[in-house]
Structure formats: structure tokens, C-alpha cells
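Fold and contact review
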Amino acid sequence: MFKSFRYADGVAPNVAALAFTLLGYPLGVAMLVAPHWAVNLLGVMLVSLTLVWSAYFIHEFAHQAIFKTPEANERWGTVMSWLNGSCYAAFADMRRKHMRHHVERADVITFDARGFLLKSPAWFRHTVLALEWAYFPAVEFLMRGFVVLLPFRDERKKAMRARIIGVAVVRTVAFGLLAWVSVKAVLLYFLAYLVFITVLRFADCFQHTYDAYPILDDQPIPADKVRDRVYEQANTYSNVVGVHSPVLNMLWLNFGFHNAHHEKPIQPWHRLPKLHRELYGDTHAQVVPVRQLLRSFHINRVKRVLAVDYGEVLGPENAGRADGFLGAVGVSFLTAV
């Protein structure tokens, strides 16, 4: 098994992280059933963290950065998608969508949330905005609903119907059994899932100022500008807790070192902090620490939903404030059709 890993120095960290994810998830769910609230709280934290790691492992498997063969990466990516509920879409579809993000240097999105909301009845649009104001990730759930419903509305995607029904049955039965054991556990699981989605959407929110294009098929994006490596790095940001904060950056498997990831996409998660320091040193114009982005995430949580662009990142002369960086919404790599 160890010989199947792509990098020799990746065996130990990946075995440890994968074991933590696969064993920590059921342990966390079991802790949600416990009668003591302190144990429940730890369970919520553990389920949230393992869901986050399962998502970013999908990203690693999509880049084939863990195992040597595409087949092994796909198998493990599929396992992780079942863990976090992104299994309504096939791993191959998620990978294809994400690779377009790298190759075409744009946000090729599945669901145009802004366009959908602008065309929706006012009461529905205001309900979604009200939920977003209350920190409920309504747009993310709309995206997931779109993935589930599209095959039943678009004949081009009808081959996915059996998969959607099968996944829905399995997950409904699983949550039904959990509810039979403990309704409290189901409610706490939903809380953990909200934390998981919020962590992912925060990371996605501030990593690019790319143009976004809602495209369902393989149609190319418009050739309206030069999107070269210079453009890629200039419109990519590293939203790390701190360049030298190894434990906290591991909350999302070093995904914050995003400029380094885009410079060398097949470098695995455990190498990214070192790669970042080698490429950029301790200071880099594209590093926007999390502490600067929390205020923007808060004050722009409604505005960004209907904004036409992601706003501007303030320059070094305004260090410490990133209020104008509205950020993206609805660009998750876990949704594809």
C-alpha cells in the first residue's frame, strides 16, 4: 500500500491524516449521541473537522497529489465524497470542473446563484438574503439542490438520475437510523455540517478575483483577456492564518497557501508551507491573513451574494484592512453536474 503513494515523504502525513479523517468521523458521530453536552460539543468539532478534511482531500485527489495512479485517487476521492455528502456528483465531474479552474484561470461555476436570485420572486430572493445575513449559507444549499434537481429538469443530464436517487435513498436511510437513535444527534450533525460549509466558503471566498462563468457543458470561456501565469498569480491570494502558523493552517489542510498551490498544482498539502516560503519568503503581496478577512466576511456577507465582481484587495499601504475584498460566493469545487 505504501508504494502506491506518489511521494515518499507523503506516506506518513497522508496515512495519519486519512486515518484521522476516516476514524474520526464515525467517532465524532458517536459522540453526538452521548448524553453529556461536553461530549456532544467535542463531537460537533470532530465531525466538522473531518468533514473539512474530507473535502480538501477530494481536492488533493483531484490533482492526483496523493497516489500514483488516477484510479487510486478516484477511488479515494469517491470515498471522501460519500463522507461529506458531495457524492450526488461523480468524482470525475468534480475533478473536470476543478481542472478547468486551473487550466482556464477562471471560476467555471455550475450554478449562477446571482442570476437565479435576480430572476426569482422578490420574496424568495429576500428570504435567501435574510438567511445569509443570519450566517446561514443559503447559497451553498441552493447549489447542492441544483446538483440534485438538474438531471430531472435537463434531458442532457438524465443519465445521472439513477445515481441521484440511489444516493438520496442511502443517505436518507442513514440519517433516518441516526434520528431513530437520537434526534439530538441529527440536529447536532446539521450544526457540524453548517460549520463545515462555512469553513469551506470562507476559504473559497477570498482566494481569487477571477471572472466567473456559469457553464454546464464543456463550452470554453470567452477569450476576452489574456489569462496567463502572470494573471493567475495576480488574481490569486493566500488566505493563511499566518505563514508560520502550522497548526491553525492545518484546519483546512494548508489550502490557504493558494499562490503556492497554483504555482505547482501537483504539490501535496503537506509541502505547501515550505513551498510558499521558498517561492515568496515570509512576506508576499498576495498574502491576506485570515484576521484581515474576517471583518470583510462579516460586513459583506449579504452584499457579495448579488455583487457583479469580487471587489478589490487593498494594497500594502492599507495593510490590516480588506473591507473592499467582497469575495466570491457559490464557487465550491464540491458541486458539479
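The residue numbering used here restarts from 1 in each chain and proceeds along that chain's sequence as written. The predicted nature of this model means local features are confined to residues of pLDDT at least 70 and side-chain atom pairs, given and counted, to a pLDDT of 80 or more, with totals for whole chains, interfaces and linings taken over all residues. With hydrogens and water stripped out, all remaining heavy atoms of the structure feed into the side-chain values.

Considering the packing of helix 1 (residues 11-33) against helix 3 (residues 70-84)
- Closest axis-to-axis distance for the helix 1/helix 3 pair is 11 Å, and the angle between their directions is 35°. Remark: the crossing between helix 1 and helix 3 carries left-handed chirality. Packed against helix 1, whose contacting residues are L18, T21, L22 and Y25, the element helix 3 presents W76, V79, M80 and L83 at the interface.
- When residue character is reported, Ala, Val, Leu, Ile, Met, Phe, Trp, Tyr, Cys and Pro are called nonpolar, Asp, Glu, Lys and Arg charged, and the others, Gly included, polar. Among the residues making up the contact of helix 1 with helix 3, the classes are represented as 7 nonpolar, 1 polar and no charged. Fitting a line to C-alpha atoms yields each axis, with helices limited to the stretch in contact; the angle taken between N-to-C directions then spans 0 to 180 degrees. Strands here mean DSSP runs of E at least two residues long; helices mean DSSP runs of H or I at least four residues long; both are numbered from the N terminus. Crossing handedness is defined as follows: a turn of the near helix away from the far one that is anticlockwise and smaller than a right angle gives a left-handed crossing, while the clockwise case is right-handed. By definition, residues are in contact when any of their heavy atoms lie within 4.5 Å.

Quick look at empty space enclosed by the protein
- Method remark: on a 1 Å grid restricted to protein atoms, a set of points is classed as a cavity if a 1.4 Å probe fits but cannot get out and as a pocket if it is open with protein on both sides within 12 Å along at least five of seven lines; lining residues have an atom within 4 Å of a point. Grid points are joined across faces, edges and corners, and a volume is the space filled by probe spheres set on the points. Evaluated as defined, the whole model comprises 4 cavities of 30 Å³ or more.
- When residues of the lining of the largest cavity are traced back to their parent elements, those giving at least two are helix 4 (91-103) and strand 1 (107-109).
- Each residue belonging to the lining of the largest cavity can be placed in one class, and the counts come to 8 nonpolar, 6 polar and 3 charged.
- Its boundaries defined by the atoms lining it, the second largest cavity holds a volume of some 160 Å³.
- Lining the second largest cavity are 16 residues; nearest its centre among them are E132, R201, F297, R304 and V329.
- Only helix 9 (183-205) and helix 15 (303-306) provide two or more residues apiece to the lining of the second largest cavity.
- For the lining of the second largest cavity, the leading source of residues is helix 9, giving 4 residues.
- Taken together, the residues of the lining of the second largest cavity break down into 7 nonpolar, 3 polar and 6 charged.

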